[in-house]
Amino acid sequence: VLIGNAAMMEKEGIVIETITTDMSRLQEEGKTVVLLAVGSRIRAAFAIADTAKPHAQTAIATLKRLGLSVMMITGDHEKTARAIAKDLGIDDVAAEILPDQKLEIVKRAQGEGKKVAFVGDGINDAPALTQADLGIAMGSGTDVAIEAGQMVLVGGGPEKVVAGMRLARATYRGIKQNLFWAFIYNIFGIPLAAFGLLNPVIAGAAMALSSLSVVMNSLRIKSARIL
């Protein structure tokens, strides 16, 4: 008795032509087909539906609005993957991909000068999570994936990826603003102090104001819209 996909059956020399029509129909519905063979004949086919998580479609649309290119990488059959990707609004799909091929896809994108964020939750995602510029592991995934990711999303679904990206951008924007004002204070303050044109009391107040402005600006991140 053998249980597996069509590629496995063909490798074992089992004829699957009698069921190809039903397989195509099920795959176009976004279902993964698992075949059961007894001896040299197919005896049954099981259709497993991979349903998208709630808010997945909205999360994909939001990521696109943020200027990001979204790609689905999956080990599922081409027809199944494209059916699900169509529902989610994803145009770029890589299907029937093995774990080492996920890694190569990330490397290829990086070789083209792109910054890559990879989202995964399984053991086979670990190499790609490590290679990516930003590895985002789902908190509900395997321990290996969580250890490999630089960012771990605890609870929730794909919408947390959007929240993570928005929070990262808000943080980076705050860092640049803080550096700008810190340099402004010092560019004007140090020469004036060096030539004796700045009263020490005013200099101390300016330094305190500089630190206060940095802290207050950083606290603005708490009110940033990330969801």
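Each remark here, short or long, concerns the structure printed above.
Predicted model only: the values in this text are computed from it and were never measured.

K.L.:
Give a description of the pattern of salt bridges that names residues and reports values.
P.N.:
Under the criterion given, the structure shown has seven salt bridges. One salt bridge in this structure joins Glu 29 and Arg 25, with 3.8 Å as the shortest N-O distance. On the accessibility criterion, Glu 29 (44% relative accessible area) is partly exposed. Its salt-bridge partner being Lys 114, residue Glu 112 comes within 3.4 Å of it at the nearest N-O pair. Exposure remark for Lys 114: the relative accessible area of 48% places this residue in the partly exposed category.

K.L.:
Outline the layout of surface pockets, supporting the account with residue identities and numerical values.
P.N.:
In this structure, the largest pocket encloses a volume near 1800 Å³. Taken together, 46 residues make up the lining of the largest pocket; nearest its centre are Val 70, Met 71, Met 72, Ile 73 and Val 119. If you list the elements that add at least two residues to the lining of the largest pocket, you get helix 3 (56-65), strand 4 (71-73), helix 4 (78-88), helix 5 (99-111), strand 6 (117-120), strand 7 (134-138) and helix 8 (159-194). Put simply, the second largest pocket is a space of about 390 Å³. Surrounding the second largest pocket, 16 residues form its lining, Asn 5, Thr 32, Gly 75, Asp 76 and His 77 being those nearest its centre. For the lining of the second largest pocket, the residue count by class is seven nonpolar, five polar and four charged.

K.L.:
Summarise the pairing of strand 6; cite the residues concerned and give the values.
P.N.:
For a regular strand, side-chain orientation follows a simple rule: the groups alternate between the two sheet faces. Going residue by residue along strand 6, you find Phe 118 and Gly 120 tucked away on one face and Ala 117 and Val 119 left uncovered on the opposite face. In the sheet, strand 6 pairs with strand 7 via four bridges, with the strands oriented parallel. Directly across from Gly 120, in strand 7, lies its bridge partner Ala 137. Handedness of the strand 6-helix 6 (residues 126-131)-strand 7 crossover: right-handed.

K.L.:
Please give an account of the packing of aromatic side chains that cites residues and values.
P.N.:
Evaluated as defined, the whole model comprises one aromatic pair. Between Phe 180 and Trp 181 the ring centres are 5.2 Å apart and the planes differ by 80°, which places this aromatic pair in the edge-to-face class. Judged by its relative accessible area of 47%, Phe 180 is partly exposed. Overall, the relative accessible area of 48% leaves Trp 181 in the partly exposed class.

K.L.:
Can you lay out the packing of helix 3 against helix 8 for me, pointing to particular residues and giving the numbers?
P.N.:
Packing of helix 3 against helix 8 leaves a shortest axis separation of 8 Å and a crossing angle of 25°. With respect to helix 8, the element helix 3 is oriented roughly parallel. Residue-level contacts link Ala 59, Thr 62 and Leu 63 of helix 3 to Glu 159, Val 161, Val 162, Met 165 and Arg 166 of helix 8. For the contact of helix 3 with helix 8, the class distribution of residues is five nonpolar, one polar and two charged.

K.L.:
Describe in detail a nonpolar patch on the surface, supporting the description with residues and values.
P.N.:
A grouping of Ile 175, Leu 179, Phe 183, Ile 187 and Phe 188 is seen on the molecular surface, where their side chains present a nonpolar patch of about 540 Å² in accessible area. You can see Phe 183 is positioned in helix 8.

K.L.:
Please set out the environment of Ile 226 residue by residue, giving values where relevant.
P.N.:
Mapped onto the elements of the fold, Ile 226 is located in the segment after helix 9 (200-219). Residues Ile 226 and Ala 59 lie 167 residues apart in sequence; the distance between their C-alpha atoms is 12 Å. What Ile 226 contacts, discounting residues up to four positions off in sequence, is Val 162, Ala 163, Arg 166 and Leu 167.

K.L.:
How would you summarise helix 5 if you had to cite specific residues and measurements?
P.N.:
Taking 1.5 Å per residue, 13 residues should reach 18 Å; helix 5 reaches 19 Å between its end C-alpha atoms and fits that length. Among all positions of helix 5, only Lys 102, Leu 103, Ile 105, Val 106, Ala 109 and Gln 110 are buried. Along the axis of helix 5, the buried positions cluster into a sector of 155°, meaning they face one direction only.

About the criteria used
- Position numbers for residues count from 1 along each chain, tracking the sequence in the order it is written.
- Totals for whole chains, interfaces and linings use all residues, but because this is a predicted model, local features are given only for residues with pLDDT of at least 70 and pairs of side-chain atoms are given and counted only at 80 or more.
- Hydrogens and water are ignored here; the side-chain numbers use all heavy atoms of the structure.
- Salt bridge criterion: a side-chain nitrogen from Lys or Arg within 4 Å of a carboxyl oxygen from Asp or Glu.
- The classification of residues rests on relative accessible area computed with a 1.4 Å probe and restricted to protein chains. Under 20% of the type maximum is buried, over 50% is exposed, and intermediate values are partly exposed.
- The pocket and cavity definitions rest on a 1 Å grid over protein atoms only: a 1.4 Å probe that fits but cannot leave marks a cavity, an open set with protein on both sides within 12 Å along at least five of seven lines marks a pocket, and residues lining either have an atom within 4 Å of a point.
- Grid points are joined across faces, edges and corners, and a volume is the space filled by probe spheres set on the points.
- A run of H or I in DSSP counts as a helix once it spans at least four residues, and a run of E counts as a strand once it spans at least two, with each numbered from the N terminus.
- Charged means Asp, Glu, Lys or Arg here, nonpolar means Ala, Val, Leu, Ile, Met, Phe, Trp, Tyr, Cys or Pro, and polar covers whatever is left, Gly included.
- Pairing between strands requires that DSSP locate at least two bridges from one strand to the other.
- When the strands point away from the viewer and the connection leading from the first strand across the helix to the second strand turns clockwise, the crossover is called right-handed.
- Pairing of aromatic side chains here covers Phe, Tyr and the six-membered ring of Trp, requires ring centres within 6.5 Å, and sorts the geometry by plane angle: under 30 degrees stacked, over 60 edge-to-face, intermediate tilted.
- Interaxial angle, 0 to 180 degrees, is taken between N-to-C directions of lines fitted to C-alpha atoms, where a helix line uses only the stretch in contact.
- These descriptions rest on fixed angle ranges, namely under 35 degrees for roughly parallel, over 145 for roughly antiparallel, 65 to 115 for roughly perpendicular, and the rest for oblique.
- Note on contacts: a residue pair is in contact if any heavy atoms of the two residues lie within 4.5 Å.
- Surface patches are drawn from residues lacking salt bridges whose relative accessible area is over 30%; two like charges belong together within 9 Å, two nonpolar side chains (Val, Leu, Ile, Met, Phe, Trp, Tyr) within 5 Å.
- Computed with a 1.4 Å probe, the accessible areas rest on the Shrake-Rupley method; for each residue, only the protein chains presented here act as cover.
- Multiplying 1.5 Å by the helix residue count minus one yields the expected span of that helix.
- The directions from the helix axis to the C-beta atoms form the arc being described.

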